[in-house]
Amino acid sequence: MKIILSKNRTLFTFLSAFVVVTVIMLLSSFGSAGRSAGVIDADTLKGLKDFYKDYFTIGVAVAPNNLIGAQAEMIKKNFGSLTPENVMKPGPIHPSENKYFWDDADKIVAFAQANGMKVRGHTLTWHAQTGAWMFKDSLGNQVTKEVALARLKDHITQVVSRYKGKVYAWDVLNEAIVDDNDTSKVFRQSQWYKICGEEFIGKAFQWAHEADPKAVLFYNDYNTEVPVKRDKIYNMLKKLLKAGIPINAVGLQGHWHTDDPSEKNLRDAIDKFSSLGLKIQITELDVTIYTSRTDTVNIGFTPEREQKQIDFYKMAFKVLREKKNVVTGVTFWNVSDASSWLDRPRKSYPLLFDVNLKPKKAYWEVVKF
Ligand code: XIL
């Protein structure tokens, strides 16, 4: 009897040990590249937004078809805010003078509401993805400034009113400043500028504010860390604020690459814009592994390019965390490396999640602090 009992105990001990080891191995396999195996990893249960809950909101740009299946689950886990990548832009949402197309934007807003997420509206006034009809009369001639402004007012009022209380922030004006190193060239020669001069800029913010006084209103642009362009934007914003125009924040799009911006230029841009009393968000973050259009050597996610991307992401998030008093949000432009708007002419691997929606090594560096 004694012998049988002790045999059973040995078997029991052996089985228990087996179960424990198996559970540990299973749990650690949920971790991903860059994590050491064999450790039960509570971090894998958290999403990106959870690591940053004491810092700023983490968001992502989406199309309605991102919000189904495994991708929807991954988005709910990792992000606290959605930006419609295209469907709220003037062209898609307002295809002709008397026609608005709300369905796609409504789907994104409904998903956000159902899952307790915020929505950033993008974008009310832009030179691109805007119906040509806005600038033409029925004969195809260019409209007057009065007509153009009346149309812009109707557009902004309708769109902002529809999502009042549901969209907490708007990119009111996108990319109005030129990249030119010539400091005398300031405003992009868009149709809006050519027809209306500077006037449309302040008006756009006023109309957005009238339609939803609680919405946080952004000026949004790229290359905001390049000193010449940064200063042009700063001067424009300073003048607008002095004139009492309701602007609350600056969106640094954050279409960066692994060599640019430098840590200094990133810090300086945040400091300079926030010195005007404005909040800052990174609104369209992605970090391509290519440093230019002509960077075609060793195409692909090579170990060297991967390491440079890891270093860049680490640096950028360190700066952003340090500046959490003024940085209120960071939004990624697309969900994962499976599909990015930068994938043409070659795949760019610019995000923190890989083609299988799994966290990359850069992700684990971004959440390690
Ligand atoms: C891009 C979208 O990601 C693409 O799908 C679309 O074809 C073109 O626009 N700056 C912006 C964004 O403010 O709206 C742009 O989005 C990327 C650059």
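Just above sits the structure.
Residues numbered from 1 in each chain as written. Predicted model: local features only at pLDDT ≥ 70, side-chain atom pairs only at ≥ 80, totals over all residues. Heavy atoms only, no water.

## Description of the pairing of strand 5 (residues 216-221)
Heads up, the condition is: For every residue, the accessible area obtained with a 1.4 Å probe (protein chains only) is divided by the maximum for its type, and the residue is called buried under 20%, exposed over 50%, and partly exposed between those limits. For the purposes of this entry, the term helix denotes a DSSP run of H or I that reaches at least four residues, the term strand denotes a run of E that reaches at least two, and both are numbered from the N terminus. The criterion for strand pairing is that DSSP finds at least two bridges linking the strands in question. With its strands directed away from the observer, a crossover is right-handed exactly when the path from the first strand over the helix to the second travels clockwise.
The buried count for strand 5 comes to five of six residues, which makes it a mostly enclosed element. Two strands pair when backbone bridges link them, and strand 4 (residues 169-174) and strand 5 are joined in this way by five bridges, in the parallel orientation. When the sheet's bridge partners are listed, Asp 171 is paired in strand 5 with Phe 218. Pairing between strand 5 and strand 6 (residues 249-252): four bridges, direction parallel. Each bridged residue has a counterpart across the sheet, and for Phe 218 the counterpart in strand 6 is Ala 249. Traced from strand 5 through helix 9 (residues 227-242) to strand 6, the parallel crossover comes out right-handed.

## Focus on the site of the ligand
Put simply, the test is: In this text, near means that some heavy atom of the residue lies within 4 Å of the molecule or strand in question. Definition of a polar contact: a pair of N or O atoms within 3.5 Å, with one able to donate and the other able to accept a hydrogen when the atoms are protein atoms, and with sequence-neighbouring residues admitted only if both atoms are side-chain atoms. Using the Shrake-Rupley algorithm and a 1.4 Å probe, accessible areas are obtained, with residue cover drawn only from the displayed protein chains. When residues are grouped by polarity, Ala, Val, Leu, Ile, Met, Phe, Trp, Tyr, Cys and Pro land in nonpolar, Asp, Glu, Lys and Arg in charged, and all others, Gly among them, in polar.
Not every one of the 13 residues close to the ligand is listed here, only the nearest: Glu 85, Lys 89, His 122, Glu 284 and Trp 333. In this structure, Glu 85 approaches the ligand through a side-chain N or O atom, which is 2.5 Å from an oxygen atom. One nitrogen or oxygen atom from the side chain of Asn 86 is found 3.0 Å from an oxygen atom belonging to the ligand. Considering the ligand on its own, with 420 Å² of exposed area, one finds that the protein chains cover 77% of that surface. Considered class by class, the residues forming the shell around the ligand number three nonpolar, six polar and four charged.

## Considerations on helix 3 (residues 69-78)
Under the convention used in this document: By arc we mean the arc of the directions from the helix axis to the C-beta atoms, nothing more. Residues are treated as being in contact if the distance between any of their heavy atoms lies within 4.5 Å.
Of all the residues in helix 3, the buried ones are Ala 72, Met 74, Ile 75 and Asn 78. Taken down its axis, helix 3 places every buried residue within 165° of arc, on the same side. If you follow the buried residues of helix 3, they end up packed against helix 2 (48-51), strand 1 (57-62), strand 2 (81-84), helix 5 (103-114) and helix 12 (361-366).

## Quick look at the pattern of salt bridges
Heads up, the condition is: A side-chain nitrogen of Lys or Arg and a carboxyl oxygen of Asp or Glu constitute a salt bridge if their distance falls within 4 Å.
Under the definition given, this model contains 26 salt bridges. In this structure, the salt-bridge partner of Asp 182 is Lys 185, at a minimum N-O distance of 3.6 Å. Across the pair Lys 314 and Glu 365 runs a salt bridge whose closest N-O atoms are separated by 3.6 Å. Within this pair, whereas Lys 314 is found in helix 11 (residues 303-322), its partner Glu 365 is found in helix 12, the two being separated by 51 residues in sequence. Salt bridges sharing common partners tie together Glu 263, Arg 267, Lys 318 and Glu 322.

## Examining the nonpolar core
Operational definition: By nonpolar core we mean a set of buried residues, namely Ala, Val, Leu, Ile, Met, Phe, Trp, Tyr and Cys, connected to one another through side-chain atoms within 4.5 Å.
Core analysis: the largest hydrophobic core is formed by 97 residues, its most contacted members being Leu 48, Ile 75, Trp 170, Phe 317 and Phe 332. Top contributing element to this core by residue count: helix 11, with eight residues. With residues near it in sequence (within four places) discarded, Phe 317 still touches Tyr 52, Phe 56, Ile 58, Leu 285, Val 330, Phe 332 and Val 366.

## Some remarks on the side chain of Lys 323
With respect to the helices, strands and loops of the structure, Lys 323 is situated in the loop between helix 11 and strand 9 (327-332). Owing to a relative accessible area of 15%, Lys 323 belongs among the buried residues under this scheme. When neighbours within four sequence positions are excluded, Lys 323 is seen to be in contact with Arg 267, Ile 270 and Asp 271.

## Regarding helix 8 (residues 199-211)
Cut-off, in case you're wondering: Working rule for helices: expected span equals 1.5 Å times residues minus one.
With 13 residues, helix 8 extends 19 Å between its outermost C-alpha atoms, agreeing within 8% with the 18 Å of an ideal straight helix rising 1.5 Å per residue. Of all the positions in helix 8, only Phe 200, Ile 201, Gly 202, Ala 204, Phe 205, Trp 207, Ala 208 and Ala 211 are classed as buried.

## Re the packing of aromatic side chains
Condition: Pairing of aromatic rings covers Phe, Tyr and Trp, the last through its six-membered ring, and needs centres within 6.5 Å; plane angles under 30 degrees mean stacked, over 60 mean edge-to-face, and all others mean tilted. Only lysine NZ and arginine CZ atoms are considered, and such an atom sits over a ring when it is within 6 Å of the ring centre and within 35 degrees of the ring normal.
Evaluation of the coordinates by the stated rule reveals 21 aromatic pairs. Ring geometry for Tyr 52 versus Tyr 55: centroids 5.8 Å apart, planes at 65°, classification edge-to-face. For Tyr 55, a relative accessible area of 26% gives the class partly exposed. Judged by centre distance (6.2 Å) and plane angle (10°), the ring pair of Phe 317 and Phe 332 falls under stacked. Pair noted here: Phe 317 is in helix 11 and Phe 332 is in strand 9, with a separation of 15 residues, a long-range link. Here Phe 317 matches Phe 332 in class, with each residue buried. Feature note: the residues Phe 51, Tyr 52, Tyr 55, Phe 56, Phe 79, Tyr 313, Phe 317, Phe 332, Phe 353, Tyr 363, Trp 364 and Phe 369 constitute an aromatic cluster, connected by ring pairs. When the ring centre of Phe 218 is taken as reference, the NZ or CZ atom of Arg 120 above it lies at 4.5 Å.

## Let's talk about the pairing of strand 8 (residues 279-288)
Judged by how many residues are buried, strand 8 sits mostly within the fold: nine of ten residues are covered. Bridge count between strand 6 and strand 8: four bridges; the pairing is parallel. Residue pairing across strands places Gly 251 opposite Gln 281, the latter belonging to strand 8. Across three bridges, the pairing between strand 7 (residues 255-257) and strand 8 is parallel.

## What to know about unusual backbone geometry
Most peptide bonds take the trans configuration, and most residues that are not glycine carry a negative phi. For the peptide bond that leads from His 122 to Thr 123, omega is -5°, which places it in the cis range. Structurally, Thr 123 can be placed in strand 3 (residues 118-125). Here the residue pair Arg 344 and Pro 345 is connected by a cis peptide bond, since its omega of 10° sits within 30 degrees of zero. Structurally, the position occupied by Pro 345 is in the loop between strand 9 and helix 12. Unlike most non-glycine residues, Asn 223 shows phi in positive territory, near 55°. Position of Asn 223 among the secondary structure elements: in the loop between strand 5 and helix 9. Of note, Tyr 349 is a non-glycine position whose phi angle comes to about 50°, a positive value.

By themselves, these figures tell us nothing about what the structure is for.
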